[in-house]
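Structural overview for review
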Amino acid sequence: MATESPGRGGEGPLPQVPLSALEHYAYCPRQSGLILLEDAFEDDAATVRGTLLHQRVDTPGSRGRGAVRTLHALPVFNDALGLVGVCDAVELHADGRVLPVEHKSGRYLPDGPADVQAAGQAMCLEAMFGRAVEEAAVYSAADRRRHIVVVDQVLRDRVTGLTAEVRRMLTASALPAPVADKRCRRCSMADSCMPRVLADDRRFRQALSDLFHPEPLPEHS
Amino acid sequence: MTTELLNTLYVQTQGTELRLEEDSLRIRVPEQEGRRIVPLRRLDAIVVYGHVTLSSELIARCARDARSITWMSRGGRFEGRLDGAVRGNVLLRHAQHQAHDDAAVRIAIARNVVAAKVRNSRWVILRAARDAKGAAQGAMRATAGELADALPEIAVAPDTDTLMGYEGDAARRHFAAVRHALRPAEGIPPFERRIRRPPTDPVNATLSFVYGLLRGLVHGAAEQIGLDPYVGYLHGIRPAKPALVLDLMEEFRAPLADRLVLTLLNRRQLRPEHFEHLPGGAVRLTEDGRTVVIQAWQEWRQRPWPHTLAGRDVPAGLLPVMQARLLARHLRGDLPAYLPWIAS
Ligand code: SF4
């Protein structure tokens, strides 16, 4: 029973899309649906580790280090795109460069979902600081190193496209279908998502028709 | 008496005081020297029976940490529950209400709920019949046949009133057969029929107590998934009646509750001295009797049961969460029906 939300009729600002949703949506659309529409958030080892890591990074404020000033837990936005979020860390370099640094507990995957989130941060910072942000960084705790993401046109188009898709999902309030593939094994939402049950339509229908047809009495016991 | 089992603290001694002390729970039992301290992080849930006081700081802290508190009457009737802030899944609750207002969706869920109750009652009776002989076995097998015969009518029942009729009928047959499954025991009169509020014999007293435990478990599952416990399909909407919890309980009553009661009585874990007879005819478990049941319930909760859809075994204590999730997936449009759990 999906719910239709009333039409927006063109008034008011765009429904805002959280930067983190871009990453989730890029991994699996349903995952971001479960978080945004169903308020589901299930801690598993990976997310708990992530939270601990973020606690260390998320202390608002700044710490100077030579020619670089680092801002932590900086709220960012881009009204033209309708994006909002918080950057783990933003480096302000003496030469005027602005560099968002996203912290991840897991390994870094080139061209993976983290790139989209980092690029989204860069596009927010561009709008806020009024200067081009051509690079972003993803720090992977597992790799113990920083990976530079080039925010080129291809990546920007990916950000805009995913933002529109997340916004469509929010407006329709409908949960995307499960991907039900190997992504589910590493997904902290698997319990509430039930991808296997949903994907195995045949088993479900069989069980449904069995409901009113019990096995006959055993002849003798 | 306080019993701590599987991260749940059960407090039964009347007059006990529980208060928050830093990150711990301090227990003061009347007329008992000293006090006990339990670190809060060791507890997931607190269940209190009758006159037990909890400090408001403790209640607020439990709400914040999503540690549930369940209030039961002294005799074990479910009274209420605290689970902290309602989960924010407003779309699910909205869908739940819409489904209630949609006659076709509502009756479809209710039919499946009643069918599952009947199926699981039949399963329990057939299991009991395997261990029985002669006339008792014959009677139980006959009941199992009648229960199966009711299913085609349930499948096409036009409204919930009709369904409630089938449900009541099945429950009567079920308890009539349960009588044959109970071994005679000295000091425990034979079970005649189900009597609630207040029970007037040991078997009914035990049944009521275990239903209270089951209800607490199912209520917690509904809250955890973010469903509104008060909007049901078979049981509709009635003030102060957690209709959804009662709906979800139907499939579990016979295999999880009745079967435990049969086991406790047939194995003589519950004996006449575990029951007290109150003036006017009501019968209830003594504090010792309740401890026996609570301990057995906590072991029972860990017993794995096959779950067809999950494709694996699920511990009894988690079956209600699993089923609340399946209902949520149906209400949100992911599954074409609500499929109850069938014991096997
Ligand atoms: S379990 Fe699979 S389908 Fe469900 S949200 Fe996770 S990745 Fe997506």
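Report on the accompanying structure. (Residues numbered from 1 in each chain as written. Chains lettered and ligands numbered in written order. Predicted model: local features only at pLDDT ≥ 70, side-chain atom pairs only at ≥ 80, totals over all residues. Heavy atoms only, no water.)

The next point concerns the overall build of chain A. A tally of helices and strands in chain A yields eight helices and seven strands. Per-residue burial for chain A yields a buried fraction of 45% across its 221 residues. Considering only contacts within chain A whose residues lie at least 6 apart along the sequence, 61% involve residues at least 24 apart. When the accessible surface of chain A is summed, it comes to about 11800 Å², and 55% of that surface belongs to carbon and sulfur atoms. (Helix = DSSP H or I, 4+ residues; strand = E, 2+ residues; numbered from the N terminus. Buried < 20%, exposed > 50% of the residue type's maximum accessible area, 1.4 Å probe, protein only. Contact = heavy atoms within 4.5 Å. Areas by Shrake-Rupley, 256 points an atom, 1.4 Å probe, with all protein chains shown as cover.)

For the rest of this paragraph, the subject is the environment of Glu-223 of chain B. Mapped onto the secondary structure, Glu-223 of chain B falls in helix H6 (residues 202-225). Along the primary structure Glu-223 of chain B and Asp-83 of chain B are separated by 140 residues, whereas in three dimensions their C-alpha atoms are 7.3 Å apart.

Turning next to the site of the ligand. Residue and element names in this part refer to chain A. Contacts to the ligand come from Cys-28, Gln-31, Leu-34, Pro-178, Val-179, Ala-180, Cys-184, Cys-187, Ala-190, Cys-193 and Pro-195. Using a 2 Å cut-off from the grid points, one finds that the ligand occupies the largest cavity. Elements with a minimum of two residues in the shell around the ligand: helix H2 (29-38) and helix H6 (190-193). Residues that form the shell around the ligand fall into these classes: ten nonpolar, one polar and no charged. (Near = heavy atom within 4 Å. 1 Å grid on protein atoms, 1.4 Å probe; cavity = no way out; pocket = protein on both sides within 12 Å on 5 of 7 lines; lining within 4 Å. Sits in = over half its atoms within 2 Å of the grid points. Nonpolar A, V, L, I, M, F, W, Y, C, P; charged D, E, K, R; others polar.)

Each partner contributes residues to the interface: chain B has 43 residues there, and chain A has 37 residues. Summing the contributions of chain B and of chain A, the shared interface buries around 3500 Å²; its carbon and sulfur component is 58%. Interface area lost by chain B to chain A is led by Arg-141, Arg-329 and Arg-332 of chain B, which between them contribute 18%. Between Arg-30 of chain A and Asp-334 of chain B there is a salt bridge, with the nearest N and O atoms lying 2.6 Å from each other. Viewed at the interface, chain A and chain B are joined by eleven residue pairs in polar contact (both at pLDDT 80 or more). When contributions to the side of chain B that touches chain A are tallied by element, the ones reaching two or more residues are helix H2 (90-101), helix H3 (103-130), helix H4 (134-155) and helix H9 (319-331) of chain B. Among the elements that make up the side of chain B that touches chain A, the one with the highest residue count is H3 of chain B (nine residues). When grouped by side-chain class, the residues that make up the side of chain B that touches chain A number 23 nonpolar, ten polar and ten charged. (Buried area = accessible area lost by both parts, 1.4 Å probe. Salt bridge = Lys/Arg side-chain N within 4 Å of Asp/Glu carboxyl O. Polar contact = N/O pair within 3.5 Å; in protein donor to acceptor, adjacent residues only side chain to side chain.)

On to the side chain of Ser-73 of chain B, then. Residues and elements named next belong to chain B. Mapping Ser-73 onto the fold places it in the loop between strand E8 (68-72) and strand E9 (78-82). Among the residues examined, Ser-73 registers a relative accessible area of 12% and is labelled buried. If sequence neighbours within four positions are ignored, Ser-73 has contacts with Tyr-49, Gly-50 and Glu-79.

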